[in-house]
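# A look at the structure
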Amino acid sequence: MKKDILIRVCMGPAGIAAGGKDILDEFKRIFHEKKIKASVGKKCSSHQVGCMGLCASDVLVDIVIDGIKTVYQHVKPDMVEKIVEDHIIGGKPVHRWMADEILVDFNKKQMKIVLSDCGKVDPEDIESYICADGYASARKVFSSMKPEDVINEIKLSGLRGRGGAGFPTGLKWELARKAQADTKYIICNADEGDPGAFMDRAVIEGNPHSVVEGMIITAYAVGSEKGYVYIRAEYPLAVERLRLAVKQAEDKGFLGKRIFNSDKNFNIVIKLGAGAFVCGEETALIASIEGQRGMPRSKPPFPVNKGLWEKPTVINNVETLANIPYIIKKGHAWYSSYGTEKSKGTKVFALTGKIKNTGLIEVPMGITLREIIYDIGGGLDEGKNLKAVQTGGPSGGCIPASMLDIKFDYESLAQAGSIVGSGGMIVLDNDDCMVNIAEYFTRFTQSESCGKCVPCRIGTKRLLEILEKITTGNGEEGDIEKLEELSEYIKKTSLCGLGQTAPNPVLSTIKYFRNEYEAHIREKKCPAKVCKHLLIYAIHKDICTGCGACKRVCPQEAIVGDHKFPHRIEHIKCIKCGACYDICRLNAVGRS
Ligand SMILES: Cc1cc2nc3c(=O)[nH]c(=O)nc-3n(C[C@H](O)[C@H](O)[C@H](O)COP(=O)(O)O)c2cc1C
Ligand code: SF4
Ligand code: SF4
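First, a word on scope: everything that follows refers to the structure included in this document. Starting afresh in each chain, residues are numbered from 1 along the sequence in its written order. Working convention: letters from A go to chains and numbers from 1 go to ligands, in the order in which they are written. Given that the model is predicted, a residue must reach a pLDDT of at least 70 before its local features are reported, and side-chain atom pairs must reach 80 or more before they are shown or counted; all residues, however, enter totals for whole chains, interfaces and linings. Processing note: side-chain calculations cover all non-hydrogen atoms of the structure and skip hydrogens and water entirely.

With that settled, the discussion passes to the overall build of the protein chain. Counting from the N terminus, the helices are the DSSP runs of H or I reaching at least four residues and the strands are the DSSP runs of E reaching at least two. Across its full length, the protein chain carries 23 helices and 17 strands. Here the C-alpha atoms of the protein chain give a radius of gyration of 27 Å, agreeing with the 25 Å that 2.2 N^0.38 yields for 592 residues. Per-residue burial over the protein chain gives 56% buried out of 592 residues. Should any heavy atoms of two residues lie within 4.5 Å, those residues are considered in contact. In the protein chain, 71% of the contacts between residues at least 6 apart in sequence involve partners at least 24 apart. Accessible surface, the protein chain as shown: approximately 25,100 Å² in total, 51% of it carbon and sulfur. Atoms counted for the radius of gyration: C-alpha only. Globule rule: 2.2 Å times residue count to the power 0.38. Burial classes: relative accessible area under 20% of the type maximum marks a residue as buried, over 50% as exposed, and values in between as partly exposed (1.4 Å probe, protein chains only). Areas reported as accessible are Shrake-Rupley estimates using a 1.4 Å probe. Residue values count occlusion only from the protein chains shown.

With that out of the way, let us pick up the site of ligand 1. Any residue with a heavy atom positioned within 4 Å of a molecule or strand is treated as near that molecule or strand. Residues in close proximity to ligand 1 total 18 residues, the closest being Gly163, Lys172, Glu192, Asn317 and Thr320. Pairs of N or O atoms within 3.5 Å make up the polar contacts considered here, provided that, within protein, one atom can donate a hydrogen while the other can accept it, and that residues adjacent in sequence are counted only when both atoms are side-chain atoms. Residue Asn189 places a side-chain N or O atom 2.9 Å away from an oxygen atom belonging to ligand 1. Compared with its free state, where it exposes 610 Å², ligand 1 has 90% of that area covered by protein. If you list the elements that add at least two residues to the shell around ligand 1, you get strand E8 (313–317) and helix H20 (497–501). For the shell around ligand 1, the residue count by class is three nonpolar, nine polar and six charged. Three classes are used, and their members are as follows: Ala, Val, Leu, Ile, Met, Phe, Trp, Tyr, Cys and Pro are nonpolar, Asp, Glu, Lys and Arg are charged, and the others, Gly among them, are polar.

By way of backbone hydrogen bonds, the strands of a sheet pair with one another, either parallel or antiparallel. In space, the four strands of this open sheet follow the order E7-E6-E5-E8, with parallel pairing throughout. Edge positions in the open sheet fall to strand E7 (267–273) and E8, since each of these has one partner strand only. Taking the axes of each pair of neighbouring strands and ignoring which way they run, one obtains an average angle of 20° across the sheet. For two strands to count as paired, DSSP must find a minimum of two bridges between them. By the bridge criterion, seven bridges tie strand E6 (residues 226–232) to E7 in an arrangement that is parallel. Within E7, the position partnered with Tyr230 by the bridge is Lys271. Against the sheet, helix H11 (residues 236–252) touches E6 and E7, its axis set at about 165° to E7. Helix axes use the C-alpha atoms of the stretch in contact, all axes being lines fitted to C-alpha atoms, and the angles between their N-to-C directions lie in the range 0 to 180 degrees.

Looking now at the pairing of E8. Of all five residues making up E8, five are buried, and the element is well covered by its neighbours. Burial along E8 is two-sided: the face carrying Thr313, Ile315 and Asn317 and the face carrying Val314 and Asn316 are both buried. Examined bridge by bridge, strand E5 (residues 185–190) and E8 share five bridges and lie parallel to one another. Residue pairing across strands places Ile187 opposite Ile315, the latter belonging to E8.

This brings us to the pattern of salt bridges. If the charged atoms of two oppositely charged side chains come close together, the side chains can form a pair. A side-chain nitrogen of Lys or Arg and a carboxyl oxygen of Asp or Glu constitute a salt bridge if their distance falls within 4 Å. Considering all chains together, one arrives at 44 salt bridges under this definition. Among the ionic pairs, Glu439 bridges to Arg443, the shortest N-O distance being 3.1 Å. Highlighted residues: Glu439 and Arg443, both in helix H17 (residues 434–448), separated by four residues, approximately one helical turn. Residue classification places Glu439 among the buried residues on the basis of a relative accessible area of 8%. Judged by relative accessible area, Arg443 falls into the partly exposed class, the value being 36%. Of the charged contacts in the structure, one is a salt bridge between Arg514 and Glu481, with a shortest N-O distance of 3.1 Å. Residue Arg514 is located in helix H21 (residues 504–523), and its partner Glu481 is located in helix H19 (residues 479–493); the two are separated by 33 residues in the primary sequence. When salt bridges that share partners are traced, they join Lys469, Glu476, Asp479 and Lys482 into one network.

With that settled, the discussion passes to the pairing of strand E4 (residues 68–72). Examined bridge by bridge, strand E3 (residues 61–65) and E4 share five bridges and lie antiparallel to one another. The residue bridging Ile63 from the neighbouring strand is Thr70, located in E4. Hairpin connection, E3 to E4: the antiparallel pair is bridged by two residues, and Asp66 has positive phi, about 45°.

A separate point is the site of ligand 2. What surrounds ligand 2 is a group of 13 residues, the closest being Cys450, Lys452, Cys453, Cys456 and Cys496. A class-by-class count of the residues in the shell around ligand 2 yields eight nonpolar, four polar and one charged.

Attention now moves to the packing of aromatic side chains. Under the pairing criterion, centres of Phe, Tyr and Trp rings, with the six-membered ring standing for Trp, must be within 6.5 Å; the plane angle then separates stacked pairs below 30 degrees from edge-to-face pairs above 60, leaving the rest tilted. For the structure on display, the rule yields 13 aromatic pairs. Judged by centre distance (4.6 Å) and plane angle (45°), the ring pair of Phe142 and Tyr220 falls under tilted. Within this pair, whereas Phe142 is found in helix H6 (residues 136–144), its partner Tyr220 is found in helix H10 (residues 208–222), the two being separated by 78 residues in sequence. A single burial state applies to Phe142 and to Tyr220, both of which are buried. Chaining the aromatic ring pairs together yields one cluster made of Tyr129, Tyr135, Phe142, Tyr220, Phe254 and Phe260. Placement of a positive charge over a ring is assigned whenever Lys NZ or Arg CZ falls within 6 Å of the ring centre and within 35 degrees of the normal to the ring plane. Between Arg201 and the ring centre of Tyr235, over which it is positioned, the NZ or CZ distance is 5.5 Å.

Below, the discussion takes up unusual backbone geometry. The omega torsion across Lys299 and Pro300 is -5°, close enough to zero to call that bond cis. Along the chain, Pro300 turns up in the loop between helix H12 (282–289) and E8. A cis amide bond links Pro300 with the next residue in sequence, Pro301, at an omega value of 5°. By secondary structure assignment, the location of Pro301 is in the loop between H12 and E8. Although it is not a glycine, Asp133 sits at a positive phi angle of roughly 75°. Within the element layout of this structure, Asp133 appears in the loop between helix H5 (126–131) and H6.

Here Glu557 lies in the loop between helix H22 (549–553) and strand E15 (559–560). It is 8.3 Å that separates the C-alpha atoms of Glu557 and Cys574, two residues lying 17 residues apart in sequence.

With that out of the way, let us pick up the nonpolar core. Looking at soluble globular proteins, one finds that nonpolar side chains tend to be buried together. Within this scheme, the nonpolar core is defined by two criteria: the residues are buried Ala, Val, Leu, Ile, Met, Phe, Trp, Tyr or Cys, and they are joined through side-chain atoms within 4.5 Å. Grouped together as the largest cluster of nonpolar side chains are 66 residues, with contacts concentrated most on Tyr135, Val150, Trp173, Val212, Ile216, Ile231 and Phe266. Looking at which element gives the most residues to this core, the answer is H10, with nine residues. The residues contacting Val212, other than those within four sequence positions of it, are Tyr135, Leu242, Ala245, Val246, Ala249, Leu255 and Ile268. Judged by nonpolar contacts, the second largest core, of 30 residues, contains Phe106, Val389, Ile406 and Ala416.

Shown next, in the form of structure tokens:
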């Protein structure tokens with residue numbers, strides 16, 4: 001066989017969870033058994049890649065024969081032999097298993113910069129990244145650019161920090177470069193604690209060298225010899241791949257002493273975080289690296305002037321850093337040709353919730369929510385209606401379906417009462433209760449509050465108590481106004497971004513879904529039928545055949561009735577667990 005054959009198996013977490021490793025092994029086993037040999041060793045190989053984006057279709061497998069790529073979805077080990085027989089040996093792809101059509105739609109409106117090599121390069125092999133032009137930008141910077149040129153290039157590109165606040169990256173670097181000090185540090189913020197967000201993890205798992213290269217270039221620009229990656233310990237695969245990437249870069253002379261044959265030294269230390277959301281806040285993160293309890297402090301001084309060990313420190317997010325090699329390689333004009341006037345380039349999002357194509361996407365800034373949900377995400381399941389999109393995690397808010405044509409950029413989202421944030425995007429439908437969503441995020445921020453300042457520590461607790469009162473059917477007139485007033489105080493007086501943004505989910509849901517709050521308070525009803533204390537279960541006697549299925553699953557023995565006669569629920573005993581509702585195949589159990 002004189003073909004160039006490349007098999008890529010998705011080994012992002014979703015790919016691994018769906019059995020990617022077994023599939024990789026199966027390809028290797030069958031290749032060995034059928035003596036499918038490479039004309040050039042490297043090309044007839046199977047290798048692992050990071051997340052390919054369309055997690056909903058995992059395990060995804062790319063078959064590239066003589067440069068022509070076919071993608072299979074939902075691959076199981078017992079499908080591998082047929083793919084090898086029919087496609088690789090016989091030349092006839094197995095059409096019914098192909099994902100090409102769905103991928104065309106999924107990718108049509110995407111623009112991949114940060115993710116351009118994710119799903120293509122082997123994250124555990126530096127050579128694979130180098131083959132894709134990796135480290136060429138760092139080499140270029142060291143050989144032909146002054147630090148000021150690099151900073152200027154990033155400033156002109158318009159890149160804004162992707163960790164949430166959107167601060168201009170080039171400006172941050174310039175401030176750090178100008179700061180007078182014998183030592184300067186750079187930190188990659190890979191804490192990523194927002195519920196629903198997995199972009200940074202996916203970038204590190206899929207292409208860790210792009211982050212390492214971004215850090216090398218940052219260090220050169222600001223004049224730093226030591227960098228840290230602060231990454232949460234709950235990301236074991238990302239940590240493992242990052243460690244390997246650092247080691248491989250050291251072995252190549254890209255990290256360590258006199259890197260790229262220059263007179264510059266640069267080392268990277270990986271520091272594991274214990275998974276506290278507040279440790280993503282830059283001053284808390286610095287305290288955590290210094291070995292203190294991860295609590296924020298007031299700013300100024302900003303870390304660029306007084307950061308780690310009181311030295312000037314640049315903190316950048318994973319995605320921000322992963323953009324850098326591509327901007328250097330292709331130039332600021334190319335980068336800034338994407339996006340809007342004030343929000344340049346692209347943004348990676350973790351698209352989750354009630355949407356068909358869940359996964360990892362990268363889109364040009366300024367794309368509309370409608371395009372993301374329907375053109376890329378494939379819309380919602382049949383019969384389901386979009387209610388809202390939650391963006392920005394606990395610091396963000398909910399944008400109602402009526403505002404679907406809103407542009408996705410920093411300014412437009414802020415105007416709508418939400419934020420771009422780090423990139424979590426959760427699609428909600430009519431089965432989601434907006435009061436419950438507000439309660440969920442408030443519970444998160446309340447439990448993650450470090451407790452240093454009163455407005456956040458006590459204020460979020462009080463917010464949560466009022467929300468719980470409403471969702472358990474004890475809400476009173478005036479509660480909505482109390483929530484609004486308290487939220488404004490918390491926003492204005494909290495010490496750090498956690499408290500300053502914690503009320504956003506509450507305020508945005510009140511702004512757009514006040515009627516749902518009112519239904520909970522006035523009618524003691526949850527329109528989405530989510531808040532369990534407000535639900536009433538009843539058995540329709542005309543439909544019930546007395547099969548007893550509900551009676552058997554009721555943990556409270558709340559259902560009575562003789563076999564083959566209509567049953568009924570004794571409400572006093574019912575704890576509203578919903579087991580009877582779920583089990584009844586005749587839909588005889590009603591929920592209102
Ligand atoms: C409570 C809280 C959590 C944060 N978590 C993260 C995080 O996980 N990752 C991140 O990059 N930035 C996070 N940030 C923002 C950082 O403080 C900081 O602005 C960012 O890392 C700067 O990098 P950038 O300019 O590249 O965005 C968080 C901020 C707050 C207030
Ligand atoms: S706002 Fe909250 S998280 Fe931030 S310092 Fe105050 S108590 Fe801590
Ligand atoms: S909701 Fe749960 S407790 Fe109530 S009747 Fe049904 S099964 Fe029993």
